[in-house]
Amino acid sequence: MKKIFTLIIMLALGMGLHAQHTPIEKAENAFENKAYFEAIDLYKKAYAKEKDPQEKARLIFMIGESYAAILDYEQSEVWFGKAIKAKYSEPIVYYRLAYAMQNQGKYKEALRRYKQYFQKVNDDPIAELDMEACEAAQSWVENPTKFLVAPEMQLNSPQFDF
């Protein structure tokens, strides 16, 4: 009898250790552990199963965040745009979209998104600096320098020495 009781307790404890996590928890865990490629896949699976529109919008945003973390600004732009269409409620989505556009050289569109962000958020010094950098980059593209920079063939090699 004592052996059976011990066996039942051991089985009950063992089942508790192997509790199943939801797809969202798995995705959040992967994101927190900086496993962004895995997080992207898990967030997409969680999105496909989710019913709540607000949670779906948050998952779309997190897919965009994961793409931004691996510096895939093209995909992060797509997913942040989808999050806005899905009515994601946090204003940070406009900033993240603007930043993704800025990193692709889409300065005019990025400035428009920065302005949308600042309509919702009054004080964000980092975003202000990013917007100033975007404005400067746009002016540099529109008014290029009169200097020509040419590669020095004896110093620069196609092997990327450093």
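Scroll up to find the structure.
Predicted model, so just to flag it, every value in this text is computed and none were measured. (Residues numbered from 1 in each chain as written. Predicted model: local features only at pLDDT ≥ 70, side-chain atom pairs only at ≥ 80, totals over all residues. Heavy atoms only, no water.)

**Considerations on the overall build of the protein**
Selection criterion: Strands here are runs of E lasting at least two residues and helices are runs of H or I lasting at least four, both read from the DSSP assignment and numbered beginning at the N terminus. Only protein chains enter the calculation, and the probe is 1.4 Å; a residue is then buried if its accessible area is under 20% of its type maximum, exposed if over 50%, and partly exposed in between. We call two residues contacting when some pair of their heavy atoms lies within 4.5 Å. Calculation of accessible area relied on Shrake-Rupley with a 1.4 Å probe; when residues are assessed, cover is drawn exclusively from the protein chains displayed.
Of the regular secondary structure elements, the protein holds 8 helices and 0 strands. In the protein, the order of α-helices and β-strands from amino to carboxyl end is α-α-α-α-α-α-α-α. Here the protein holds 162 residues, and 34% of them are scored as buried. Sequence-distant contacts in the protein: of pairs separated by 6 or more residues, those separated by 24 or more amount to 44%. Counting only carbon and sulfur atoms, one obtains 59% of the accessible surface of the protein, whose full area is about 12000 Å².

**Some words on the side chain of Glu-50**
For clarity, the cut-off: By the counting scheme adopted, Arg and Lys are positive, Glu and Asp are negative, and His together with the chain ends is not counted. Any Lys or Arg side-chain nitrogen found within 4 Å of a carboxyl oxygen on Asp or Glu counts as a salt bridge. Any pair of N or O atoms that falls within 3.5 Å is considered a polar contact. Within protein, one atom must be able to donate a hydrogen and the other to accept it, and sequence-neighbouring residues count only if both atoms are side-chain atoms.
Within the element layout of this structure, Glu-50 appears in the loop between helix H3 (36-49) and helix H4 (53-69). No salt bridge is formed by the buried Glu-50; the nearest opposite charge belongs to Arg-58, separated by 7.5 Å. Within the local environment of Glu-50, its side chain forms a polar contact with the backbone nitrogen of Asp-52, the two atoms lying 3.2 Å apart. Apart from residues no more than four positions distant in its own chain, Glu-50 is found in contact with Ile-24, Glu-55, Lys-56 and Leu-59.

**A closer look at the packing of H4 against helix H6 (residues 92-102)**
To describe two helices that pack against each other, one gives the angle between their axes and the distance between the axes. Formally: Geometry is summarised by axes, namely lines fitted to C-alpha atoms with helices restricted to the contacting stretch, and by angles between N-to-C directions that run from 0 to 180 degrees. Handedness of a helix crossing follows the sense of rotation of the near helix relative to the far helix, less than a right angle counterclockwise being left-handed and clockwise being right-handed. For this classification, Asp, Glu, Lys and Arg are treated as charged, while Ala, Val, Leu, Ile, Met, Phe, Trp, Tyr, Cys and Pro are nonpolar and the rest, including Gly, are polar.
The interhelical angle for the contact between H4 and H6, taken along N-to-C directions, is 35°, at an axis separation of 11 Å. In terms of crossing hand, the pair formed by H4 and H6 is left-handed. Contacts between H4 and H6 involve Phe-61, Glu-65 and Ala-68 from the former and Ile-92, Val-93 and Arg-96 from the latter. Looking at the contact of H4 with H6, its residues break down into 4 nonpolar, no polar and 2 charged.

**A short note on the packing of helix H5 (residues 73-85) against H6**
Quick reminder of the rule: Working definition: roughly parallel below 35 degrees, roughly antiparallel above 145 degrees, roughly perpendicular at 65 to 115 degrees, and oblique for all remaining angles.
H6 packs onto H5 with a crossing angle of 150° between their chain directions and a minimal axis gap of 9 Å. Considering their axes alone, H5 and H6 lie roughly antiparallel with respect to each other. Between H5 and H6 lies a crossing whose hand is left-handed. From H5, Tyr-73, Ser-76, Glu-77, Phe-80, Gly-81, Ala-83 and Ile-84 reach across to H6, where they touch Val-93, Tyr-94, Arg-96, Leu-97, Tyr-99, Ala-100 and Met-101.

Function cannot be inferred from these measures alone, as they are strictly geometric.
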